[in-house]
Amino acid sequence: MNPTVLIQGASRGIGLQFCKNFLARNAVVIATCRKPQEATELHALSKQHSGQLHLLQLDVTNEKHIEDSTEFVEQTTGGKLDLLINSAGMLHPSGRGETSLKDVNIQGLSTTFATNTFGPLLMAKYFGNMLKKGSGAFGKQGLEKGQQHTGVLVNMSARVGSITENALGGWYSYRLSKAALNMTTKNLSIELGRGKSKVICISFHPGTVDTDLSRPYHRGVPKDKLFSVQYSVESMMNTIDGLTVQNSGHYNTIDGLTVQNTGKFYCWDGRELPC
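Analysis parameters
Residues numbered from 1 in each chain as written. Predicted model: local features only at pLDDT ≥ 70, side-chain atom pairs only at ≥ 80, totals over all residues. Heavy atoms only, no water. Salt bridge = Lys/Arg side-chain N within 4 Å of Asp/Glu carboxyl O. Helix = DSSP H or I, 4+ residues; strand = E, 2+ residues; numbered from the N terminus. Buried < 20%, exposed > 50% of the residue type's maximum accessible area, 1.4 Å probe, protein only. Contact = heavy atoms within 4.5 Å. Core = buried A, V, L, I, M, F, W, Y, C linked by side-chain atoms within 4.5 Å. Pairing = 2+ DSSP bridges. Right-handed = clockwise from strand over helix to strand, strands pointing away. Axes fitted to C-alpha atoms, helices over the stretch in contact; angles between N-to-C directions. Parallel < 35°, antiparallel > 145°, perpendicular 65-115°, else oblique. pLDDT = per-residue confidence, 0-100. Polar contact = N/O pair within 3.5 Å; in protein donor to acceptor, adjacent residues only side chain to side chain.

## Examining the pattern of salt bridges
Per the counting criterion, the structure on display carries 5 salt bridges. For K20, the salt bridge is made with E41, and the minimal N-O distance between the two is 3.9 Å. You can see K20 sitting in helix α1 (residues 13-24) and its partner E41 sitting in helix α2 (residues 40-48), a full 21 residues away along the chain. Close ionic contact of K125 with E63 constitutes a salt bridge, the shortest N to O distance being 2.8 Å.

Given below as structure tokens:
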């Protein structure tokens with residue numbers, strides 16, 4: 001049976017590239033976004049992979065919408081998921097992060113948290129049981145039954161979510177939402193790691209990737225630290241292939257194949273990020 005993958009936030013950037021890469025691996029992919037009618041690249045990809053790529057309209061900030069989408073996913077996958085990737089993210093409703101306290105307002109905070117933090121948590125709430133019924137197609141299975149897993153949950157985070165390493169300030173909504181997302185991942189790794197059917201839960205820092213979100217801030221990024229979406233996603237997929245139950249709860253890195261200490265934070269190149 002082909003592995004099943006649900007990608008939340010798949011219309012562009014990292015999410016879209018994940019779709020392409022998993023389709024190349026013959027996975028059955030369900031790709032979600034808020035406005036499928038405007039996702040031209042995703043529609044073109046769907047035509048190329050009819051029956052393998054399924055498009056689903058989903059607003060990750062609407063809990064009822066997420067709950068209602070479970071029926072489609074159950075019918076498409078038989079109620080079993082091997083991998084869930086929460087990829088959708090936003091910097092701020094204005095398109096730019098706050099540079100001082102005077103820029104902070106409840107609308108910006110709540111909207112950013114709804115997409116970056118609350119949405120991934122609610123996705124886990126409604127699709128966690130399907131991951132517990134997965135086949136364990138991704139990652140490395142432990143030799144002992146207690147170290148084996150059924151599914152993998154990936155939250156796309158960011159290095160700016162590291163509290164101790166924050167030396168610049170600003171970007172209140174984005175930084176806070178990503179720090180909270182890392183705690184969400186840790187909590188999920190504990191709850192979904194209980195019992196016989198274990199789900200590995202990790203957060204990824206993908207590096208500085210050439211996407212719409214980061215493009216206004218490329219000026220000060222060295223060329224060798226600015227990644228294409230292809231490179232970033234391929235690196236993260238290599239990490240996913242090497243995951244074990246011991247990795248669960250990590251804020252993981254694209255080179256962190258042998259991370260042992262659960263709950264720690266790592267940069268894309270394997271350097272540890274303090275909490």
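## Comments concerning unusual backbone geometry
Positive phi outside glycine occurs at N26, with the angle close to 65 degrees. Position of N26 among the secondary structure elements: in the loop between α1 and β2 (28-33). Judged by its relative accessible area of 48%, N26 is partly exposed.

## Quick word on the environment of I85
The residue I85 is located in strand β4 (residues 83-86) in this model. C-alpha separation for the pair I85 and F18, spaced 67 residues apart in sequence, amounts to 8.8 Å. Ignoring any residue separated from it by four or fewer positions in sequence, one finds I85 in contact with L6, I7, Q8, F18, F22, V154 and M156.

## Some points on the nonpolar core
Counting 31 residues, the largest nonpolar core has F18, F22, V29, L42 and V154 as the members making the most contacts within it. Breaking this core down by element, the ones donating at least two residues are β1 (4-8), α1, β2, α2, β4, β5 (149-156), β6 (198-204) and α6 (229-241). No other element matches the 6 residues that α1 contributes to this core. Not counting the four nearest positions on each side in its chain, V29 is found in contact with V5, I7, C19, F22, L23, Q52, L53 and H54. Membership of the second largest hydrophobic core comes to 21 residues, among which are L84, L122, Y126 and L188.

## Quick look at the pairing of β2
Of all 6 residues in β2, 6 are buried; the element is thus mostly enclosed. Burial along β2 is two-sided: the residues V28, I30 and T32 and V29, A31 and C33 are all buried. With 5 bridges connecting them, β1 and β2 associate as parallel partners. Paired with Q8 across the two strands is T32, which belongs to β2. Note on the crossover from β1 through α1 to β2: the handedness is right-handed. Pairing of β2 with strand β3 (residues 53-57) involves 5 bridges; the strand directions are parallel. Each bridged residue has a counterpart across the sheet, and for I30 the counterpart in β3 is H54.

## Considerations on the packing of α1 against α2
Following both chains from N to C, one finds α1 and α2 inclined at 10 degrees, their axes separated by 11 Å at the closest point. When the axis of α1 is compared with that of α2, the two are roughly parallel. The residues of α2 that touch α1, namely those facing L16, C19, K20 and L23, are E41, L42 and L45.

## A short note on the confidence of the model for the chain
When pLDDT is averaged along the chain, the result is 85; 82% of the residues meet or exceed 70. Contacts of residues 253-264 to residues separated by more than four positions or lying in other chains number 40 contacts, the stretch itself having pLDDT below 50. Throughout residues 266-271 the model reports pLDDT below 50, and contacts reaching past four residues in sequence, or to other chains, amount to 25 contacts.

## Digging into the side chain of S157
Among the structural elements, S157 can be located in the loop between β5 and α5 (172-191). Here N182 takes part through its side chain, which lies 2.7 Å from a polar atom of the side chain of S157.

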